[in-house]
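Descriptive structure summary
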Amino acid sequence: MTLDDVWSSSVHSEICCLIYATQNGWKLPILFEEMGVPYDWALVDFEKNEQRSKGFLSINPNGRIPALIDRGSGVAVAESGAILEYCATRFASPLLPSPDEDLKLHLQTKQWLYWQVSGLGPAMGQAMYFQRIAKVRGRNDPFAIGRFIAEAERCLQMLDDQLTSSGGPFLLGQRCTLVDVACFPYCASAYWANVDISAMSHLLAWIEMLHQRPSFSTGLALPFSRTAFFGPPYATPEEIEAEIARNAGQFAVISKSPSELPELSAP
Ligand SMILES: N[C@@H](CCC(=O)N[C@@H](CS)C(=O)NCC(=O)O)C(=O)O
């Protein structure tokens with residue numbers, strides 16, 4: 001399906017996910033697979049810069065995937081955290097425990113979900129950007145790389161500790177929640193961000209468990225599979241080499257040259 005058809009009434013699912021094969025994009029197919037709710041999806045093609053096209057910007061002025069079209073209710077929503085919360089509520093999913101059922105778990109789910117979108121995601125995203133895009137294009141910035149790897153590692157260690165304190169097997173304990181859905185694509189991509197999680201045994205076991213869970217593995221392959229992000233043994237050295245070259249060409253460089261930057265005033 002193309003972006004032009006996403007509101008079409010001739011398609012059968014109520015839900016259409018506007019996605020590309022990235023950590024934030026994967027959250028949506030994983031969510032719908034886990035909920036068992038029918039959905040379809042449209043590719044927002046980064047190779048064609050479609051996330052900045054007029055059509056997509058009218059759905060999400062921020063020019064970022066994912067976005068969701070709910071044809072059944074006639075609404076669109078962007079921001080993965082808002083989408084996950086909306087869909088879990090709309091379909092009364094146990095992935096978001098209701099406040100009446102368990103207020104503490106409800107609040108924990110929201111707390112960790114908001115932390116994922118504001119903390120873990122941006123740190124991992126910048127670690128990946130500076131190493132896998134900027135550096136490959138000849139802009140090596142060890143200070144930025146070091147800062148974002150350290151911050152991503154701190155966040156991943158928080159999750160390892162959380163698995164210890166909750167007792168697992170899921171991040172908040174016995175029950176799979178939106179927090180597992182939101183965090184998994186980023187944690188599974190620790191290899192691509194070059195964050196060493198070899199000593200985080202609880203996190204490693206949780207990642208492996210979710211790779212084996214059919215809903216998560218199916219969602220992680222949509223709109224297309226990108227196993228290089230997960231490193232060995234999920235990808236061969238050839239697949240990783242090919243992804244390194246392809247990925248670096250992906251985003252238009254949006255940055256100002258030093259001469260365009262305003263001078264900092266003296267303290
Ligand atoms: N806070 C947003 C972040 C979305 C985001 O950063 N999406 C990335 C892909 S993972 C994107 O669309 N990047 C396109 C670009 O930077 O041009 C969310 O949680 O949905």
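This structure is a prediction, so every number in the text was calculated from the model and none was measured. (Residues numbered from 1 in each chain as written. Predicted model: local features only at pLDDT ≥ 70, side-chain atom pairs only at ≥ 80, totals over all residues. Heavy atoms only, no water.)

Some points on the site of the ligand
Test applied: Nearness is judged by heavy atoms alone; a residue qualifies as near a molecule or strand once a single heavy atom is within 4 Å of it. Here a polar contact means two N or O atoms within 3.5 Å. Within protein one must be a hydrogen donor candidate and the other an acceptor candidate, and residues neighboring in sequence count only if both atoms are side-chain atoms. Only protein atoms enter the 1 Å grid used here. Points where a 1.4 Å probe fits but cannot escape make up a cavity, open sets with protein on both sides within 12 Å along at least five of seven lines make up a pocket, and a residue lines them when an atom lies within 4 Å of a point. To decide whether a molecule occupies a pocket or cavity, check its atoms: if more than half lie within 2 Å of the grid points, it is inside. Side-chain classes follow a simple rule in which Ala, Val, Leu, Ile, Met, Phe, Trp, Tyr, Cys and Pro form the nonpolar group, Asp, Glu, Lys and Arg form the charged group, and the remainder, Gly included, forms the polar group.
Around the ligand, a shell composed of T22, N24, F46, Q51, R52, R64, I65, P66, E79, S80, V117 and F251 is seen. One nitrogen or oxygen atom from the side chain of E79 is found 2.8 Å from a nitrogen atom belonging to the ligand. In this structure, an oxygen atom belonging to the ligand sits 2.7 Å away from a side-chain N or O atom of S80. In this structure the site holding the ligand corresponds to the largest pocket. Tallied by class, the residues present in the shell around the ligand amount to five nonpolar, four polar and three charged.

Observations regarding the nonpolar core
Selection criterion: Buried Ala, Val, Leu, Ile, Met, Phe, Trp, Tyr and Cys residues that are joined via side-chain atoms within 4.5 Å together make up what is termed a nonpolar core. Residue exposure (1.4 Å probe, protein chains only): buried if accessible area is under 20% of the type maximum, exposed if over 50%, otherwise partly exposed. Labels follow the DSSP assignment, with helices taken as runs of H or I lasting at least four residues and strands as runs of E lasting at least two, numbered in each case from the N terminus. All the domain ranges listed were derived from an automatic or database domain assignment. By definition, residues are in contact when any of their heavy atoms lie within 4.5 Å.
F32, L120, L156, L159, L203 and W206 are the most contacted members of the largest nonpolar core, which totals 70 residues. Elements represented by at least two residues in this core include exactly β1 (15-19), α1 (23-35), α3 (80-90), α4 (103-134), α5 (142-166), α6 (178-188), α7 (190-193) and α8 (201-212). The element best represented in this core is α4, accounting for eleven residues. Each of domain 1 (11-90) and domain 2 (103-248) gives at least three residues to this core. When near neighbours in sequence (up to four residues on either side) are disregarded, F32 contacts I15, C17, V37, Y39, L68, C87 and F91. Among the nonpolar cores identified, the runner-up in size contains 14 residues, and V44, F46, F56 and A78 belong to it.

As for the pairing of β1
Let me state the cut-off plainly: The criterion for strand pairing is that DSSP finds at least two bridges linking the strands in question. With its strands directed away from the observer, a crossover is right-handed exactly when the path from the first strand over the helix to the second travels clockwise.
Along β1, five of the five residues are buried, which leaves the element largely enclosed by surrounding structure. Of the two faces of β1, the one holding I15, C17 and I19 and the one holding C16 and L18 are both buried throughout. Pairing of β1 with strand β3 (residues 67-70), which is carried by four bridges, proceeds in the antiparallel orientation. By the bridge assignment, I15 is partnered in β3 with D70. The pairing of β1 with strand β2 (residues 40-43) spans four bridges and is parallel. Bridge pairing in β2 links I19 to L43. Crossover connection from β1 via α1 to parallel β2: handedness right-handed.

Points about the pattern of salt bridges
The criterion, for reference: Think of a salt bridge as a Lys or Arg side-chain nitrogen and an Asp or Glu carboxyl oxygen that are within 4 Å of each other.
Within this structure, the stated rule accounts for eleven salt bridges. Each of E47, R226, E243 and R246 takes part in salt bridges that share partners, so that together they form one network.

Considering the domain arrangement of the protein
So the rule is basically this: Throughout, buried area stands for the accessible area (probe radius 1.4 Å) lost by two parts on being put together, summed over both.
As far as domains go, the protein holds domain 1 (11-90) and domain 2 (103-248). A straight line from the C-alpha centre of domain 1 to that of domain 2 covers 20 Å. Tallying the contact residues gives 22 residues for domain 1 and 27 residues for domain 2. Interface of domain 1 and domain 2: buried area, both sides summed, is about 2,200 Å²; carbon and sulfur atoms make up 68% of it. The largest per-residue losses of area from domain 1 upon contact with domain 2 belong to Q23, W26 and I30, which jointly make up 32% of the total buried on that side. Viewed at the interface, domain 2 and domain 1 are joined by three salt bridges. Across the pair E85 and K110 runs a salt bridge, and its minimum N-O distance is 3.5 Å. Contributing elements (two or more residues each) for the side of domain 1 that touches domain 2: α1, β2 and α3. The element contributing the most residues to the side of domain 1 that touches domain 2 is α1, with nine residues. Across the side of domain 1 that touches domain 2, the residue classes break down as twelve nonpolar, five polar and five charged.

A closer look at the environment of A78
Assignment of secondary structure puts A78 in strand β4 (residues 75-78). Judged by its relative accessible area of 15%, A78 falls in the buried class. Discounting chain neighbours no more than four positions away, the residues touching A78 are N60, P66, A67 and I83.

With respect to the environment of L84
Counting through the fold element by element, L84 comes out in helix α3. The spatial distance from the C-alpha of L84 to the C-alpha of C17 is 11 Å, given a sequence separation of 67 residues. Apart from the residues lying within four places of it in its own chain, the contact partners of L84 are K27, L28, L31, L113, L178, V181 and A182.

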